[in-house]
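Structural overview
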Amino acid sequence: MSDYEYYFKKALEILLEMDVLDDNASIGVAKQIIGQGLGSLSERQFKVYQHSLCNEVEELQECEGCGEDIPLEDLQAAYEYDSDKFMCVDCRETDWRINNS
C-alpha cells in the first residue's frame, strides 16, 4: 500500500467518524476503500471516489486558521488536536501557545 493510499484511508476514517458524508454511495465507497483498497473499486465506484470523496478530503485538508493545505499525513494529528477545527501544525502550535500562556 502506498503512503498516499494509507493516509487517504485515514482521512476517510475521519470523514466517517465526523458523519459528514451525506449519501449512501460515498459512505459505501469510503468503507470499501478502507477495507479493501482503491484497487477493489468498480468503474462506477471509482467515479464516486474521484468526484465526491476526493473533494471531501480536499475540503478537510484546508487549515481553518490560515487557509493553507494540511498534508494528508498530518490530518490525523489535526483531528486529534481539535475535531471541530482542523489546523495545520503552525496554527496548532500558535493556538496551543495562546491557550496555555
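Residues numbered from 1 in each chain as written. Predicted model: local features only at pLDDT ≥ 70, side-chain atom pairs only at ≥ 80, totals over all residues. Heavy atoms only, no water.

**Let's talk about helix 5 (residues 89-99)**
Taken as a whole, helix 5 has its buried residues at Cys91, Arg92 and Asp95. An end-on view of helix 5 places all buried positions within 100 degrees of arc, on one side of the element. Facing away from the buried side of helix 5 by more than 90 degrees, the exposed set consists of Asp90 and Trp96. Buried-residue contacts for helix 5 involve helix 4 (75-81). (Buried < 20%, exposed > 50% of the residue type's maximum accessible area, 1.4 Å probe, protein only. Helix = DSSP H or I, 4+ residues; strand = E, 2+ residues; numbered from the N terminus. Arc of directions from axis to C-beta. Contact = heavy atoms within 4.5 Å.)

**Describing the side chain of Ser52**
The topology assignment puts Ser52 in helix 3 (residues 43-60). At 2.8 Å, the side chain of Ser52 forms a polar contact with the side chain of Ser26. Sequence-distant contacts of Ser52, defined by excluding residues within four places in its chain, comprise Asp23, Ser26 and Lys47. (Polar contact = N/O pair within 3.5 Å; in protein donor to acceptor, adjacent residues only side chain to side chain.)

**Some words on the side chain of Asp95**
Mapping Asp95 onto the fold places it in helix 5. Among buried charged residues, Asp95 stands out as having no salt bridge; its nearest opposite-charge side chain is Lys85, 4.6 Å away. Side chain to side chain, Asp95 and Tyr81 meet in a polar contact 2.6 Å long. Contacts of Asp95, omitting those with residues within four sequence positions, involve Tyr81 and Met87. (Lys, Arg positive; Asp, Glu negative; His and termini not counted. Salt bridge = Lys/Arg side-chain N within 4 Å of Asp/Glu carboxyl O.)

**Section: the packing of helix 1 (residues 3-18) against helix 2 (residues 24-36)**
Packing of helix 1 against helix 2 leaves a shortest axis separation of 9 Å and a crossing angle of 140 degrees. The pairing of helix 1 with helix 2 is recorded here as oblique in orientation. Between helix 1 and helix 2 the crossing geometry is left-handed. Where helix 1 abuts helix 2, its residues Lys9, Leu12, Glu13 and Leu16 lie against Ile27, Ala30, Lys31, Ile33 and Ile34. Class assignment for the residues of the contact of helix 1 with helix 2 results in 6 nonpolar, no polar and 3 charged. (Axes fitted to C-alpha atoms, helices over the stretch in contact; angles between N-to-C directions. Parallel < 35°, antiparallel > 145°, perpendicular 65-115°, else oblique. Left-handed = near helix turned anticlockwise from the far one by under 90°. Nonpolar A, V, L, I, M, F, W, Y, C, P; charged D, E, K, R; others polar.)

**Thoughts on the nonpolar core**
Membership of the largest hydrophobic core comes to 26 residues, with the highest contact counts inside it found for Leu12, Ile33, Leu53, Leu75 and Phe86. Elements with a minimum of two residues in this core: helix 1, helix 2, helix 3 and helix 4. With near-sequence residues (within four places) excluded, Leu53 lies in contact with Phe8, Leu12, Leu21, Ser26, Val29, Ala30, Ile33 and Val48. (Core = buried A, V, L, I, M, F, W, Y, C linked by side-chain atoms within 4.5 Å.)

**Concerning the packing of aromatic side chains**
In this description, a pair of aromatic rings is defined by centroid distance and the angle of the planes. Taken as a whole, this structure holds 5 aromatic pairs when the rule is applied. An aromatic cluster is present here, built from Tyr4, Phe8, Phe46 and Tyr49 joined pairwise through their rings. (Phe/Tyr/Trp six-rings, centres within 6.5 Å; stacked < 30°, edge-to-face > 60°.)

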